[in-house]
There are 2 protein chains.
Amino acid sequence: MTISDIPTPALIADVPTMERNISLMSGYFASRSCKLRPHFKAHKTPEIARRQLAAGSCTGLTCATIGEAEIAASVSKNILIANEIVDLDKCRRAAALARTVALTVAVDSVVGLERLSAAAMEAGVTIDVLIDLNVGQNRCGVTPGDEAVALGRAALGRPGLRLRGVMGYEGHAVGIHDRAEREAAVRRSMNLMASTAKAFAAVGLTADVVSGGGTGSYDISSQIEGITEIQAGSYALMDSDYGCLGMPFEQALFVLGTVVSRPVPERCVIDAGHKACTKDHGHPSVKGMKEATVLALNDEHAIIAIPPTSVIKVGDRLALVPSHIDPTMNLHDRVYALNGHHVVGVWPIAARGYGVA
Amino acid sequence: MTISDIPTPALIADVPTMERNISLMSGYFASRSCKLRPHFKAHKTPEIARRQLAAGSCTGLTCATIGEAEIAASVSKNILIANEIVDLDKCRRAAALARTVALTVAVDSVVGLERLSAAAMEAGVTIDVLIDLNVGQNRCGVTPGDEAVALGRAALGRPGLRLRGVMGYEGHAVGIHDRAEREAAVRRSMNLMASTAKAFAAVGLTADVVSGGGTGSYDISSQIEGITEIQAGSYALMDSDYGCLGMPFEQALFVLGTVVSRPVPERCVIDAGHKACTKDHGHPSVKGMKEATVLALNDEHAIIAIPPTSVIKVGDRLALVPSHIDPTMNLHDRVYALNGHHVVGVWPIAARGYGVA
């Protein structure tokens with residue numbers, strides 16, 4: 001099977017490029033005390049996670065949902081759900097999972113502690129918890145410092161729970177294009193987390209795990225004393241948004257489409273729209289064609305401006321470079337793994353969507 | 001099972017409201033010569049399509065892809081793929097489908113005609129074709145008038161193909177908020193299509209089918225002489241974008257989420273982000289809470305501004321009103337059908353994604 005046999009629209013991954021990205025990131029962490037915990041949410045694909053872990057320097061995997069964690073358990077026995085879980089049923093699923101993996105869950109409320117504790121007790125397991133800090137993203141998380149210490153104390157002695165430390169995601173900072181500005185914003189966030197970890201230690205609360213960071217900040221956050229692991233995910237496959245940051249990772253993931261129409265010389269239309277490639281971080285670009293511009297991404301079509309002299313014709317194939325990888329992966333059930341033009345694997349995006357366990 | 005038992009995030013459909021929408025639309029077409037061909041792409045859910053057809057006044061179903069058409073064949077034996085199909089393999093799938101359903105496909109190029117014809121010949125079937133017109137959307141489609149007539153002539157006598165008429169989607173016009181402006185733009189587009197159909201007839205080309213329109217234009221396009229069917233889809237479930245147009249259809253589809261965090265009085269966070277509810281037509285609103293505003297839709301979180309005095313707490317449930325239904329349905333594998341708080345069905349969104357036949 002070659003690239004020409006793939007039914008479009010389809011996700012295609014350039015395996016040698018992906019392997020270089022994975023190797024480069026693991027290499028970065030090899031000689032550091034801070035380690036990598038690859039974020040599974042970026043691709044939701046067990047085969048890719050397996051390769052990330054095999055490259056070394058990893059503490060385990062990061063997940064965003066219990067559904068992801070259940071799937072990720074097939075490749076890692078150490079999983080952090082870097083997100084709040086509060087539904088009773090989901091807390092029970094987490095407890096069930098904790099029977100077979102070392103499971104850590106982020107918590108930012110007493111209700112969250114109570115429900116996880118009850119589920120852990122019921123299942124006779126221990127769930128590790130990290131106090132989730134708002135380090136500037138203004139999403140979930142308690143305020144670093146006293147409020148975090150108070151919730152850490154509330155976690156102590158809860159049956160079925162074991163406090164391990166803190167986490168915080170500097171999501172507002174990882175995408176800042178200017179390196180100096182990004183570095184300053186990331187440092188502010190990570191220093192808040194590191195100082196909260198110190199405050200934990202000062203009052204006898206465990207803070208062995210201090211977890212944060214992403215692809216846009218891995219080489220900043222990992223250098224701040226006290227940060228123990230980085231939750232980067234996008235680095236393996238990349239997207240055009242992260243591609244602007246001047247990082248050493250190369251684009252390895254594309255959305256393959258077929259030209260279904262070239263109604264006028266200056267425009268062609270491919271069958272990959274925003275049900276195949278999201279536009280929440282802007283329009284995709286066209287791989288290898290600087291002279292082409294995506295004008296619109298409709299449900300099932302990308303409308304592309306091309307030079308009138310272009311030889312592109314109906315039936316040809318083009319590939320889009322997604323601007324945001326995580327939600328784009330989530331649109332598909334499989335990714336075609338390529339080495340050159342050869343399909344070397346068809347990998348299930350097993351954690352896509354919201355499956356019911 | 002009640003609404004409280006549904007794992008979040010999840011799509012929920014209010015069945016009585018949906019049934020009212022469906023009945024209202026079918027009633028509109030009951031006494032007209034122009035009929036309805038519900039667009040399956042809006043929901044990709046056979047159970048909803050079945051109800052649309054059962055309500056009457058329909059010529060069949062509209063689909064956007066061959067994958068949708070293969071699934072839709074379980075509920076309708078008359079299917080229009082209102083989109084170009086040019087890949088050899090997809091043309092073969094279309095031909096295979098034409099063995100069991102009356103299949104019509106839109107065409108806007110000679111290559112498209114050639115490939116469909118070859119596949120139809122190979123399978124020993126007849127595929128009906130409509131010449132796709134660019135009526136102002138500037139996506140696919142040939143220019144109405146002479147160019148369309150020339151392609152119509154090119155379709156004549158192609159073995160395995162039968163020319164039926166023309167289609168054109170006034171997608172640039174269906175969402176214009178001002179009714180008078182919308183009406184003017186829709187009329188311009190549909191008049192281009194109607195006059196092209198007349199030009200077909202004048203040179204002896206068949207134009208029995210003149211297909212266009214959408215939920216935002218059904219009551220305009222259907223009144224233009226010569227238009228034979230309307231491809232509306234969103235009316236059954238609706239979204240907040242179409243909800244601004246002052247139409248008689250009510251919102252029947254929501255994304256249910258759980259409050260996972262209320263870190264400060266003025267903000268809560270639910271577990272339904274843009275992997276559960278797209279934002280390509282803007283942020284969703286919060287059902288029944290005019291005082292709440294979605295500030296951001298991240299991968300797995302909606303960050304919602306609420307009055308500091310709100311009683312919302314961790315573990316509560318909120319529902320989002322999607323701004324664009326088609327891609328939001330495509331994110332999920334099932335929709336929970338509700339009557340009041342009772343789950344009366346769990347309907348597979350069987351045509352979601354890009355399955356391989």
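All figures in this text were calculated on a predicted structure; none of them were measured in a lab. Residue numbers here run from 1 along each chain, matching the order of that chain's written sequence. Just so you know, chain letters begin at A and ligand numbers begin at 1, following the order they were written in. The model is predicted, so local features are restricted to residues of pLDDT at least 70 and side-chain atom pairs to those at 80 or more, both for listing and for counting; the totals for chains, interfaces and linings are taken over all residues.

Enquirer: Got a minute to help me understand the overall build of chain A in this structure?
Expert: A run of H or I in DSSP counts as a helix once it spans at least four residues, and a run of E counts as a strand once it spans at least two, with each numbered from the N terminus. Assigned secondary structure in chain A consists of ten helices and 17 strands. The C-alpha atoms of chain A give 22 Å as radius of gyration, which agrees with the globular expectation for 357 residues (21 Å, within 12%). Principal axes of the C-alpha set define a box for chain A whose edges measure 70 × 45 × 35 Å. Comment: burial labels come from other C-beta atoms within 10 Å of the residue's own C-beta, placed from the backbone, where a count of 20 or more is buried, 12 or fewer is exposed, and between is partly exposed. Counting every position in chain A, which comprises 357 residues, the buried fraction comes to 60%. Radius of gyration means the value over C-alpha atoms here, while the globule rule gives 2.2 Å times the residue count to the 0.38 power.

Enquirer: For this particular structure, what's the right way to read the environment of A:Ser261?
Expert: By secondary structure assignment, the location of A:Ser261 is in strand S10 (residues 253–264). Considering only alpha carbons, one finds A:Ser261 and A:Ala185, 76 residues apart in sequence, at a separation of 46 Å. The residues touching A:Ser261, leaving out its near neighbours within four places in the chain, are A:Cys268, A:Val269, A:Val314, B:Glu84, B:Asp108, B:Ser109 and B:Cys140. A pair of residues counts as a contact when their C-beta atoms, built from backbone coordinates, are separated by no more than 7 Å.

Enquirer: Honestly, the nonpolar core in this entry has me stumped. Any pointers?
Expert: Burial of nonpolar side chains together is a common tendency in soluble globular proteins. We define the nonpolar core as any set of buried residues of the types Ala, Val, Leu, Ile, Met, Phe, Trp, Tyr and Cys, connected via C-beta atoms lying within 7 Å of each other. One finds A:Ala94, A:Leu116, A:Val166, B:Ala94, B:Leu116 and B:Val166 to be the most contacted residues of the largest nonpolar core, which totals 246 residues. In this view, A:Val166 contacts A:Leu130, A:Ile131, A:Leu133, A:Ala148, A:Met193, A:Thr196, A:Ala197, A:Phe200, A:Ala207 and A:Val210; residues no more than four positions away in its chain are not counted.

Enquirer: Explain the packing of helix H4 (residues 88–97) of chain A against helix H5 (residues 110–123) of chain A to me, please; I cannot follow it from the model alone.
Expert: Between two packed helices, both the angle of their axes relative to each other and the distance between the axes serve to describe the pair. All names here are of chain A. Axis definition: a line fit to C-alpha positions, over the contact stretch in the case of helices; interaxial angles, taken between N-to-C directions, run 0 to 180 degrees. Look at H4 against H5: their axes get within 8 Å of each other, and the N-to-C directions meet at 50 degrees. Between H4 and H5, the angle is such that the two are oblique. Crossing of H4 against H5: the hand is right-handed. Only Arg-115, Leu-116, Ala-119, Ala-120, Glu-122 and Ala-123 of H5 make contact with H4, whose side of the interface consists of Leu-88, Cys-91, Arg-92, Ala-94, Ala-95 and Ala-96. Nonpolar residues are Ala, Val, Leu, Ile, Met, Phe, Trp, Tyr, Cys and Pro. Charged residues are Asp, Glu, Lys and Arg, and all others, Gly as well, are polar. Looking at the contact of H4 with H5 residue by residue, the class counts come to nine nonpolar, no polar and three charged. Oblique is the label for any angle not covered by the other classes, which are roughly parallel (under 35 degrees), roughly antiparallel (over 145) and roughly perpendicular (65 to 115). Helix crossings fall into two classes, left-handed where the near helix is turned counterclockwise from the far one by less than a right angle and right-handed where it is turned clockwise.

Enquirer: How should I be thinking about the relation of the copies chain B and chain A in this particular structure?
Expert: The operation linking the two copies of the chain is a rotation about an axis combined with a translation along the axis. Copies overlap after least-squares fitting; the atoms used are the C-alpha atoms of residues with pLDDT of at least 70 in both. Screw-axis analysis of chain B against chain A gives a translation of 0.0 Å along the axis, an RMSD of 0.0 Å, and a rotation angle of 180 degrees. The operation mapping one copy onto its partner corresponds to a two-fold rotation axis.

Enquirer: How should I be thinking about the sheet that holds strand S5 (residues 102–107) of chain A in this particular structure?
Expert: Working definition: the strands of a sheet are paired by backbone hydrogen bonds and lie parallel or antiparallel to each other. Residue and element names in this part refer to chain A. Paired strands, as defined in this entry, are two strands with at least two bridges between them according to DSSP. The strand order across the open sheet built from eight strands is S2-S9-S8-S7-S6-S5-S4-S3, with neighbouring strands paired in parallel fashion. A strand with exactly one partner marks an edge of an open sheet, and here the two such strands are strand S2 (35–36) and strand S3 (61–63). Sheet analysis places S3 next to strand S4 (residues 78–84), joined by three bridges and oriented parallel. Note on S4: the bridge partner recorded for Thr-62 is Leu-80.

Enquirer: I tried to follow the pairing of strand S17 (residues 342–348) of chain A on my own but got confused; where do I start?
Expert: Within a regular strand, the side chains alternate between the two sheet faces. All names here are of chain A. Of the strand pairs in this sheet, strand S16 (residues 334–339) and S17 are connected by six bridges, and their pairing is antiparallel. Each residue of the ladder has a partner; that of Arg-334, found in S17, is Pro-348. Counting the residues that bridge the hairpin from S16 to S17 gives two residues, and of these Gly-340 lies at a positive phi of roughly 65 degrees.

Enquirer: Can you walk me through the confidence of the model for chain A in this structure?
Expert: Parts of the prediction with low pLDDT should not have their coordinates interpreted in detail. Averaged over chain A, the pLDDT score is 97; the fraction of residues at 70 or greater is 99%. Scored as a complex, the prediction yields pTM 0.97 and ipTM 0.97. Values of pLDDT, ranging from 0 to 100, describe the predictor's confidence in every residue of the model.

Enquirer: Help me understand the sheet that holds strand S3 (residues 61–63) of chain B, please; the structure alone is not making it clear to me.
Expert: Residues and elements named next belong to chain B. Strand order in the open sheet made by the eight strands is S2-S9-S8-S7-S6-S5-S4-S3, with parallel pairing throughout. Strands at the two margins of the open sheet, each flanked by one partner only, are strand S2 (35–36) and S3. Note: S2 against strand S9 (residues 229–230), two bridges, orientation parallel. Its bridge partner being in S9, Lys-35 is matched across the sheet by Glu-229. Helix H6 (residues 146–155) rests against strand S5 (102–107), strand S6 (127–132) and strand S7 (161–168) of the sheet, and its axis sits at about 165 degrees to S6.

Enquirer: Any chance you could explain the interface of chain B and chain A here in plain terms?
Expert: When the parts of a complex come together, some accessible area is lost, and that lost area is often taken as the interface size. At the interface, 47 residues of chain B touch 48 residues of chain A. Of all elements in the fold, only helix H5 (110–123), strand S10 (253–264) and helix H10 (325–329) of chain B reach the threshold of two or more residues within the side of chain B that touches chain A. It is S10(B) that provides the largest number of residues to the side of chain B that touches chain A, a total of four residues. Its residues placed into classes, the side of chain B that touches chain A shows 18 nonpolar, 16 polar and 13 charged.

Enquirer: Can you help me understand H6(B) in this one?
Expert: All names here are of chain B. Those residues of H6 not exposed but buried are Ala-148, Leu-151, Gly-152 and Ala-155. Looking straight down H6, one finds its buried side chains confined to an arc of 105 degrees; they lie on one side. Elements in contact with the buried residues of H6: S5, H5, S6, S7 and helix H7 (179–202). At the exit of H6 stands Gly-157, carrying a positive phi of roughly 80 degrees. An arc is given here, and it is the one of the directions from the helix axis to the C-beta atoms.

Enquirer: Is there a simple way to explain helix H7 (residues 179–202) of chain A in this structure?
Expert: In an α-helix, one turn spans 3.6 residues, which is why side chains three or four residues apart end up on the same side. All names here are of chain A. What a helix is expected to span follows from its residue count: subtract one and scale by 1.5 Å. If you check H7, its first and last C-alpha atoms are 34 Å apart, about what 24 residues at 1.5 Å a residue would give, namely 34 Å. Here H7 has its buried residues at Ala-185, Val-186, Ser-189, Met-190, Leu-192, Met-193, Ala-194, Thr-196, Ala-197 and Phe-200. For H7, the secondary structure elements touched by its buried residues are strand S6 (127–133), helix H6 (146–155), strand S7 (161–168), strand S8 (209–212) and helix H8 (218–221). Just downstream of H7 lies Gly-204, where phi reads positive at about 85 degrees.

Enquirer: Honestly, the pairing of S10(B) in this entry has me stumped. Any pointers?
Expert: All names here are of chain B. For S10, the tally of buried residues reaches eleven of twelve residues, placing the bulk of the element in the interior. Pairing of strand S1 (residues 10–14) with S10, which is carried by four bridges, proceeds in the antiparallel orientation. When the bridges of S10 are listed, Ile-12 appears paired with Phe-254. The pairing of S10 with strand S15 (residues 317–321) spans four bridges and is classified as antiparallel. Bridge pairing links Thr-258 to Arg-317 in S15. Pairing analysis gives three bridges linking S10 to strand S11 (residues 267–270), with the strands arranged antiparallel. Bridge assignment links Val-259 to a residue of S11, and that residue is Ile-270. Hairpin remark: S10 followed by S11, antiparallel, with two residues in the connecting loop.

Enquirer: Would you take a moment to explain unusual backbone geometry for this structure?
Expert: Peptide bonds are mostly trans, and most non-glycine residues show a negative phi. Residue and element names in this part refer to chain A. The omega angle of the peptide bond from Thr-8 to Pro-9 is -5 degrees, so this bond is cis rather than trans. Here Pro-9 is to be found in the segment before strand S1 (10–14). Even without glycine at this site, Asn-138 takes up a positive phi of about 55 degrees. Of note, Asn-138 is situated in the loop between S6 and H6.

Enquirer: Is there a simple way to explain the environment of B:Val335 in this structure?
Expert: Mapped onto the elements, B:Val335 comes out in strand S16 (residues 334–339). Setting aside its immediate chain neighbours within four residues, B:Val335 contacts B:Leu11, B:Ala13, B:Thr45, B:Trp347 and B:Ile349.

Enquirer: Looking at this structure, I do not really get the environment of A:Pro308. What am I missing?
Expert: All names here are of chain A. Take Pro-308: it is sitting in the loop between strand S14 (302–305) and strand S15 (317–321). For the pair Pro-308 and Ala-252, spaced 56 residues apart in the sequence, the C-alpha separation amounts to 29 Å. The contact partners of Pro-308, leaving out residues within four places of it in the chain, are Pro-265 and Glu-266.

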